[in-house]
Amino acid sequence: MNDDLDDLKAMMDAATPRPDAARRAENIALAQKNFADIQGSRTAPRPTSTNRPKGLWTGVRTMLNTMTTKGALTTTTALVACGFLLLTPQAQDLLRPPSNPQITMTEFDTIRSAPQDGVASVAEDVMATNTIAPESSSALPQVQQLPLTMPEQDESFANRATAPAERSRLAIKDAQDTGETAPTPPTPAPEASIAMESTALSDAVEGAAELAPAAPPNMRGLSGAVTEEIMILPAPASQPDARFIAPPAQTEAFANADTNPLRITSEDPVSTFSIDVDTASYAIVRSSLSRGQLPPAQAVRIEEMINYFPYDYPAPDLGEAPFRPTVTTFQTPWNADTQLVHIALQGQMPALDDGPPLNLVFLIDTSGSMDDPAKLPLLKQSFRLMVDRLRPQDEVAIVEYAGSAGQVLAPTPASDRTTILQAIQGLGAGGSTNGQGGLEQAYAIADAMATNGEVSRVILATDGDFNVGISNPDALKAFIADKRDTGTYLSVLGFGRGNLDDATMQALAQNGNGTAAYIDTLSEAQKVLVDQLSGALFAIAEDVKVQVEFNPAQVAEYRLIGYETRALNREDFNNDAVDAGELGAGHSVTAIYEITPVGSPAQLSDPLRYAPNTVASASDELGFVKLRYKAPGADVSQLIETPIVGSGIPGTEANFAAAIAGFGQLLRNPQYLGDWGYDAAIALANANRGEDAFGYRTEAVQLMRLAQSLSR
Amino acid sequence: MRMMTSDEDLATAAASGDGAAFASLLDRHYDRLFAFCFRLTGARAEAEDLTQDICAALPAKLASYQGRAKVTTWLYRVAVNAAHDRRRKRATYMKASDGWGDWETGRKAAIADTSAQLDWLTAAMNQLNDDLRDTLALVLDDMTHAQAAEVLGVSEGTISWRISEAKKALRAIKEKEDAV
């Protein structure tokens, strides 16, 4: 909607009167009366009675009364005799030849096994929607609850997966509803076949139950522009039943930019970007793959996939800078003639209990579009997990927003757990989404709660579908950037698929000094809100920027893998006014460059014939890494510098990061990978899973396998 | 618990005879329905009457609710149809009353005066033709083009075209006014 219409809408809203209360009551009463009248006509007694005396003999008498001829009586008697012979087991024993005793058994078997398949597939669907790690014991009640209380919601998931009409648009705001997708329960047969297909495809991934026919491969070719409209028509075979209604148009918008191009060192030796500790993209990729679709290329942000995993990088010593950079160079897995420069930052891990008291404002989207098992119910569970981890000195307030924003819970100490949990449990979905109104109120409450030395943070939980107030990501950015200066952090948690507005969520988190995470399962909530809670809540360094200068005497070409949405201008590095990413306590950040050494056969560009050869440096450094960060709350940045030196042997951590970088490129744009494919990525990741205490890397390998199957 | 139930579930329950579900559904949507009727008609009294028509007919229409569409989409479709019926009735009446002479002319002048006092937008919207007006009313009600297309039973492209036509027309009206 452009400005013209916005003005018009504002005028119209102002002109629209409230309905007259008396007329309202009158009209509703009229409607109810008519309703009752209609019901009455259905239930009123019929003029002729149907309750005539019943019974076998009545029927026989009627038959005898109406059938008068002898022939007719003989015919019916013969029919009854045949029926007796065919339908009773004893009579069948008389008929059946002794050589063929198996017929009834087989029939019985198929009859019995069909519903079992149906049950199995429902059970697997449940697993798919709630991939719960076995170690999270608090998740168990959820497992038992879901199949009992929400069967039709599971079905709506299955529907969505089997008919992948997917449509991404920036502007469409569509509230979708589960009730629409599954008016009739699906017959077990198509589901059962899908479930079997999935077993064949992958024994590994939890979400494999709903493998739809593979998404068309041209999905991969679409890249870049956020506003691009993608329409993937459902494959003919994916319509299992005429009674199935096509799923509602999906209106997902993803933030991304064109893949970083190859740079020629002699022309453009400096690369600058902001760190990114978001993990949303990996979770979105996982959610797509688990539903049996390759993720849209714009949904893949490689840096977020790499940074999803915890790495065992060397941590800084006490008294040092809040994080420690480690730079290693090693041979590229997908190209023997190039090198990867692996830049790792490891943040220090202060003890959680010693941190300053937290003021948390949960800003919860309760609009109609949140009414989905993967949204509001999962959100409630997730926040319950988190509340259990807060300390007594922390305070929590809850604001919900739908058509209008409202405070649900006044600031309450975390020790008063019951009150907080009750407030969370009482949230219900309905109405449109006035995100801006909610944000304003949440920031106002956060300001009121803040006293010296406390950390305030607004935690926004939404599907990103802002359709009232400011809904344009650019305008939201300006609004958030203004609020950022008050010192309040903003974390964004994304929920649900279908109308996920990833672009808006990214805009909010990147401009609000915060992080964006996407919660698709309770185990992801466990990771973000419990295992890595301190990282999510305490920033140890703000506005962390990275600038790398490559040495043209050593490096002919370079390419930054990922960080497309985080690129900064060269001059922004020293400008403390320019915002950049935050590093949370204990977080690690990885950035990977692929470089082509001078003289390597892999060089893609020819040297210029007429340009003066200015390379005079005899240094054997490949380049120089500069990092800038601010201590939390500080205005002036500090500098850390470290050179990039020659090639070495990669450790487990660097190898795994490289494998994920390769996986991301396979999903997004494999143009630089040559014939390096999923097999090699899986082998590399599998060999470098390391300790993997939480099983994240194992899961990544499973996702790679799934993507391999789907991309064939 | 009822507030948690989705519109579609309520509508399905109401269609099978649950009076409480029907009451709750209507109560939930009455205000929005009225606002939409106001957009369709441009006058408060007209909107009240149209809402009454819809309320009176709704129980019978409910039987046609299949659970396919969202309740709001279905309800808006009912509203647009009811508005059409009203307009048609009025057009017949106007035709019949065209030859009534001076008394009728005087009455029409009075109506014209009243509409001049209405705010600019309502007056301008009254000058649009019915299709453009219905479309605009839907889109101004936070409906996407796709949803409006579903309500009106036309293609999404038609909606986009109508919106641009409506904008053009409104701009023309505004220019004419500014010139005066």
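Rules used throughout
- Residues numbered from 1 in each chain as written.
- Chains lettered and ligands numbered in written order.
- Predicted model: local features only at pLDDT ≥ 70, side-chain atom pairs only at ≥ 80, totals over all residues.
- Helix = DSSP H or I, 4+ residues; strand = E, 2+ residues; numbered from the N terminus.
- Buried ≥ 20, exposed ≤ 12 C-beta atoms within 10 Å, placed from the backbone.
- Contact = placed C-beta atoms within 7 Å.
- Core = buried A, V, L, I, M, F, W, Y, C linked by C-beta atoms within 7 Å.
- Domains from an automatic or database assignment.
- Pairing = 2+ DSSP bridges.
- Axes fitted to C-alpha atoms, helices over the stretch in contact; angles between N-to-C directions.
- Parallel < 35°, antiparallel > 145°, perpendicular 65-115°, else oblique.
- Left-handed = near helix turned anticlockwise from the far one by under 90°.
- Nonpolar A, V, L, I, M, F, W, Y, C, P; charged D, E, K, R; others polar.
- pLDDT = per-residue confidence, 0-100.
- Expected span 1.5 Å × (residues − 1).

Below, the discussion takes up the overall build of chain A. Looking only at helices and strands, one finds 23 helices and 18 strands in chain A. Counting every position in chain A, which comprises 712 residues, the buried fraction comes to 47%. Looking at chain A alone, contacts between residues at least 24 apart form 81% of all its contacts between residues at least 6 apart.

A few words now on the overall build of chain B. Along chain B, the regular secondary structure elements total nine helices and zero strands. If you list the helices and strands of chain B from N to C, you get α-α-α-α-α-α-α-α-α. Burial status across chain B gives 36% buried among its 180 residues. A sequence separation of at least 24 residues applies to 59% of the contacts in chain B between residues at least 6 apart.

A separate point is the nonpolar core. Soluble globular proteins: nonpolar side chains tend toward being buried together. Counting residues in each nonpolar core, the largest one holds 136 residues, and the members touching the most others are Val361(A), Phe362(A), Leu363(A), Leu583(A), Ile660(A) and Ala685(A). Taken domain by domain, this core gets at least three of its residues from each of domain 2 (263-350 + 540-602 + 618-711) and domain 3 (352-537) of chain A. Setting aside anything within four residues of it in sequence, one finds Leu583(A) in contact with Ile275(A), Val277(A), Phe323(A), Leu345(A), Gly347(A), Ala539(A), Ile540(A), Ala541(A), Val544(A) and Val589(A). By size, the runner-up hydrophobic cluster in this structure holds 49 residues, among which are Met12(A), Phe35(A), Leu140(B) and Val151(B).

Quick look at the sheet that holds strand E5 (residues 323-332) of chain A now. All names here are of chain A. Spatially, five strands are ordered E3-E14-E16-E6-E5 in an open sheet, and the strand pairing comes out antiparallel. If you trace the sheet from one side to the other, it starts and ends with strand E3 (263-264) and E5, each paired once. Strand direction decides the pairing type here: strand E14 (residues 555-561) and strand E16 (residues 588-597), joined by six bridges, are antiparallel. Looking at the pairing, Leu560 lines up with Tyr593 of E16. Along the sheet, helix H21 (residues 652-668) makes contact with E5, strand E6 (335-347), E14 and E16, crossing E16 at roughly 75°.

In helix packing, the relevant descriptors are the interaxial angle and the interaxial distance, both defined with respect to the helix axes. Residues and elements named next belong to chain B. Their axes nearest at 8 Å, the elements helix H2 (residues 19-41) and helix H3 (residues 44-62) cross at an angle of 125°. If you check the angle between H2 and H3, you find them oblique. Here the hand of the crossing between H2 and H3 comes out right-handed. Together, Leu33, Phe34, Cys37, Phe38, Leu40 and Thr41 of H2 and Arg44, Glu46, Ala47, Leu50, Thr51 and Ile54 of H3 make up the contact between the two elements. Grouping the amino acids of the contact of H2 with H3 by side-chain chemistry returns eight nonpolar, two polar and two charged.

Another aspect to go through is the pairing of strand E13 (residues 539-550) of chain A. For a regular strand, side-chain orientation follows a simple rule: the groups alternate between the two sheet faces. All names here are of chain A. Judged by how many residues are buried, E13 sits mostly within the fold: 11 of 12 residues are covered. Looking at chain direction, E13 and strand E15 (residues 581-584) are connected through three bridges and run antiparallel. Within E15, the position partnered with Val544 by the bridge is Gly581. Note: E13 against strand E17 (residues 623-630), seven bridges, orientation antiparallel. By the bridge assignment, Lys545 is partnered in E17 with Arg628.

Before going further, it helps to spend a moment on the pairing of E17(A). Where E17(A) meets strand E18 (residues 638-644) of chain A, seven bridges bridge the pair, whose relative direction is antiparallel. From the neighbouring strand, Leu627(A) faces E18(A), where its bridge partner is Ile640(A).

Moving on to unusual backbone geometry. A negative phi angle is the norm for most residues apart from glycine, just as the trans form is the norm for most peptide bonds. Residues and elements named next belong to chain A. Even without glycine at this site, Asp543 takes up a positive phi of about 50°. Along the chain, Asp543 falls in strand E13. Judged by C-beta crowding, with 22 C-beta atoms within 10 Å, Asp543 ranks as buried.

What follows concerns the packing of helix H14 (residues 376-389) of chain A against helix H19 (residues 522-531) of chain A. Residue and element names in this part refer to chain A. Look at H14 against H19: their axes get within 9 Å of each other, and the N-to-C directions meet at 35°. Every pair of crossing elements has a handedness; the one defined by H14 and H19 is right-handed. Residue-level inspection shows Leu378, Gln381, Ser382, Leu385, Met386 and Arg389 of H14 in contact with H19, the latter providing Leu522, Ala525, Gln526, Leu529 and Val530. Of the residues that constitute the contact of H14 with H19, the class distribution is seven nonpolar, three polar and one charged.

In this section: the environment of Leu128(B). Residue and element names in this part refer to chain B. Topologically, Leu128 is positioned in the loop between helix H6 (120-127) and helix H7 (130-139). Look at Leu128 and you get buried, because 20 C-beta atoms sit within 10 Å. Along the chain, Leu128 and Glu165 lie 37 residues apart, while their C-alpha atoms are 9.7 Å from each other.

Turning our attention to the confidence of the model for chain A. All names here are of chain A. The share of residues in chain A with pLDDT of 70 or more is 67%, and the mean pLDDT across the chain is 72. Within chain A, the lowest mean pLDDT, 37, falls on helix H8 (residues 151-162), and the highest, 93, falls on strand E4 (residues 270-274). Every residue in residues 99-248 scores below 50 in pLDDT, and together they form 241 contacts with partners more than four places removed in sequence or on other chains.

On to helix H23 (residues 696-711) of chain A, then. Helix length check: H23(A), at 16 residues, gives a terminal C-alpha distance of 22 Å against a target of 22 Å (1.5 Å per residue), a fit within 8%. Those residues of H23(A) hidden inside the fold are in contact with helix H12 (280-290), H21 and helix H22 (678-687) of chain A.

Counting buried residues in H19(A) gives eight out of 10 residues, a clear majority hidden from the surface. Buried within H19(A) are the following residues: Leu522(A), Ser523(A), Glu524(A), Ala525(A), Gln526(A), Lys527(A), Val528(A) and Leu529(A).

Relative to the helices and strands, Arg24(A) is located in helix H2 (residues 21-43). Contact partners of Arg24(A), with chain neighbours within four places excluded, come to Pro19(A) and Tyr30(B).

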